[in-house]
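Spelled out, the chains give:
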Amino acid sequence: MNPRRRPRQVVAVFDGRTHHVAWCRGFQDGLPVFGWGEAPSTLLTRSQLREAGLRPAGQDPVALLVFRHHRPYARETVAELFSTVRAALKRIPTPAQQAALGRALAARRVCRECGRDVGYCVPTSTRQCWDCFDLDHRTALGEVA
Ligand SMILES: [Zn+2]
């Protein structure tokens, strides 16, 4: 249902320490639904929290943001809204974690056939670079002796 068509009603959103009294467009799954640009400023989506250097920290969503994109094919999008009061600071990986991540990403770039680091992630299905894949296929087709 288009959130703009819903009658607006007053709701109190509890987000940890504070109660927000705001106009919402109804309820879905027991959570107040806000339209685009209508949610209280202390309620953010996951990506908005990430941009602000925060993370949900295991909290359940306190409200929903429902909106439609401008493009005609785009469906209604529902985003969970989290409280900034209950959010925690984004975790910063330790040097060891960053090194492990670097090694894992490097391993994804190595072809299992020629053993080169090809500079892009090889497909997980073949683990081959495109040169080796191409050669294998042409060999299978009898194009190369
Ligand atoms: Zn290769």
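Residues numbered from 1 in each chain as written. Predicted model: local features only at pLDDT ≥ 70, side-chain atom pairs only at ≥ 80, totals over all residues. Heavy atoms only, no water.

*Asks:* Requested: an account of the pairing of strand β4 (residues 31-34), with residues and values cited.
*Replies:* On a regular strand, each side chain points to the face opposite its neighbour's, so the side chains alternate between the two faces of the sheet. Bridging between strand β3 (residues 27-28) and β4 involves 2 bridges; their strand directions are antiparallel. Across the sheet, residue Phe27 finds its bridge partner in β4, namely Pro32. Linking β3 to β4, which pair antiparallel, is a turn of 2 residues; within it Asp29 sits at a positive phi near 55°. Judged from the 2 bridges that link them, β4 and strand β7 (residues 63-68) form a sheet pairing that is parallel. Its bridge partner being in β7, Phe34 is matched across the sheet by Leu65. (Pairing = 2+ DSSP bridges. Helix = DSSP H or I, 4+ residues; strand = E, 2+ residues; numbered from the N terminus.)

*Asks:* Let's hear about the environment of Ala79: which residues, and what values?
*Replies:* Here Ala79 lies in strand β8 (residues 76-83). Here Ala79 falls in the buried class, since its relative accessible area comes to 16%. Through-space distance from the C-alpha of Ala79 to that of Leu65 is 5.0 Å; in sequence the pair is 14 residues apart. Excluding residues that lie within four positions of it along the chain, Ala79 makes contacts with Thr45, Ala63, Leu64 and Leu65. (Buried < 20%, exposed > 50% of the residue type's maximum accessible area, 1.4 Å probe, protein only. Contact = heavy atoms within 4.5 Å.)

*Asks:* Kindly report on the domain arrangement of the protein, identifying the contributing residues and their values.
*Replies:* Domains assigned within the protein are domain 1 (3-89) and domain 2 (95-140). One C-alpha centre belongs to domain 1, the other to domain 2; they are set 41 Å apart. (Domains from an automatic or database assignment.)

*Asks:* Give a description of a nonpolar patch on the surface that names residues and reports values.
*Replies:* The grouping of Val10, Val21 and Trp23 at the surface amounts to a nonpolar patch, some 330 Å² of accessible area in total. By secondary structure assignment, the location of Val21 is in strand β2 (residues 19-24). Val21 sits in the exposed class, given a relative accessible area of 64%. (Patch = residues over 30% accessible without salt bridge, like charges linked within 9 Å, V, L, I, M, F, W, Y side chains within 5 Å. Areas by Shrake-Rupley, 256 points an atom, 1.4 Å probe, with all protein chains shown as cover. Salt bridge = Lys/Arg side-chain N within 4 Å of Asp/Glu carboxyl O.)

*Asks:* Which residues make up the packing of aromatic side chains, and what values go with them?
*Replies:* Under the defined criterion, the tally for this structure stands at 2 aromatic pairs. Both rings, one in Trp130 and one in Phe133, keep their centres 5.5 Å apart while their planes meet at 85°; by these two values the pair is edge-to-face. Of this pair, Trp130 and Phe133 both sit in helix α3 (residues 130-140), 3 residues apart, roughly one helical turn. The class of Trp130 is partly exposed, set by a relative accessible area of 47%. (Phe/Tyr/Trp six-rings, centres within 6.5 Å; stacked < 30°, edge-to-face > 60°.)

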